[in-house]
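# Topology and contacts: notes
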Amino acid sequence: MNIVIFGPPGAGKGTQSEFIVKKYNLFQLSTGDLLRQEIKNKSEIGLKIGSIVNAGSLVSDDIVSKLIDHFVSKDLYRNKIIFDGYPRNISQAENLNIVLNKYNQKIDVVLKLTVSQNIIKKRISGRSVCSMCGKIYNEFFNPAPLNAECCASKFLQKRGDDTIDIAIKRFDTYENETKPILNFYRKMNLLKEVNGESKIDQIYDEISEIIDSIEGWL
Ligand SMILES: [Zn+2]
């Protein structure tokens, strides 16, 4: 079982990935971690990556692809990978197919956590922290109790509008950038969209059901 997971910032992708990794004994492949590890190991490719990163440049698809090939080739990870944050473009998606194919593997399912921009906006703009006790509230989903002595509205601190704007921009960028890749996987009949607006355990149940229903998975 190899999985690719997508979800915009604020959709809870990290939490869900963690659950899936534990439940199905998978290994999470994050390209950031792979790059950092090579740099740390001071391997030949690691030294190259280090100088690219230090120069403030982006590591090429070619180098990332080599690292992924190396990871996928290991028996330990065979058919036990959850790709998170990769692929980021169509050419990476095509490359991933080639690499997996080379080792007689494939992607079994692509999960997309779907959340509307409006919900993300409410999650961020509605959030407030009590400056007295540190409790976190959300005026839309989890409002502070009325008439409370401690968490009265005068103690509740909200985030600035600029923080909200940045978060919305990141959300939009993510959605726009991943649209072509999701279409790519939709055409391959691999895409399953999961309602990311449900409660955390409901999302988890939905994902588990999808994974359990995949043929050949024991
Ligand atoms: Zn309080």
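So, a few notes on the structure that sits alongside this text.

Analysis parameters
- Residues numbered from 1 in each chain as written.
- Predicted model: local features only at pLDDT ≥ 70, side-chain atom pairs only at ≥ 80, totals over all residues.
- Heavy atoms only, no water.
- Pairing = 2+ DSSP bridges.
- Helix = DSSP H or I, 4+ residues; strand = E, 2+ residues; numbered from the N terminus.
- Axes fitted to C-alpha atoms, helices over the stretch in contact; angles between N-to-C directions.
- Salt bridge = Lys/Arg side-chain N within 4 Å of Asp/Glu carboxyl O.
- Buried < 20%, exposed > 50% of the residue type's maximum accessible area, 1.4 Å probe, protein only.
- Patch = residues over 30% accessible without salt bridge, like charges linked within 9 Å, V, L, I, M, F, W, Y side chains within 5 Å.
- Areas by Shrake-Rupley, 256 points an atom, 1.4 Å probe, with all protein chains shown as cover.
- Lys, Arg positive; Asp, Glu negative; His and termini not counted.
- Charge placed at Lys NZ, Arg CZ, Asp CG, Glu CD.

Take the sheet that holds strand β2 (residues 27-29) next. Strand pairing in a sheet relies on backbone hydrogen bonds. The paired strands run either parallel or antiparallel. Ordered by their spatial adjacency, five strands build an open sheet running β2-β3-β1-β4-β8, and the pairing between neighbours is parallel. In this open sheet, the two strands that pair with only one neighbour each are β2 and β8 (191-195). Each neighbouring strand pair of the sheet contributes to a mean axis angle of 25 degrees, computed without reference to strand direction. In terms of strand pairing, β2 meets strand β3 (residues 81-84) through three bridges, oriented parallel. Across the sheet, the residue bridging to Q28 is I82, located in β3.

In this section: the pattern of salt bridges. Applying the stated criterion across every chain yields a total of seven salt bridges. Residue D69 pairs with K102 through a salt bridge whose shortest N-O separation is 2.6 Å. Of this pair, D69 sits in helix α4 (residues 61-73) while K102 sits in helix α5 (residues 90-102); the two residues are 33 residues apart in sequence, bridging distant segments of the chain. Exposure remark for D69: the relative accessible area of 15% places this residue in the buried category.

This brings us to the pairing of β3. In regular strands, side chains alternate between the two faces of the sheet. Residue alternation in β3 divides its side chains into two sets, I81 and F83 and I82 and D84, and both sets are buried. Sheet topology places strand β1 (residues 3-6) next to β3; three bridges connect them, and they run parallel. By the bridge assignment, I3 is partnered in β3 with I82.

What follows deals with a negative patch on the surface. On the surface, D201, D205, E209 and D212 cluster together to form a negatively charged patch. Position of D205 among the secondary structure elements: in helix α8 (residues 200-212).

Any link to function would need more than the numbers given here.
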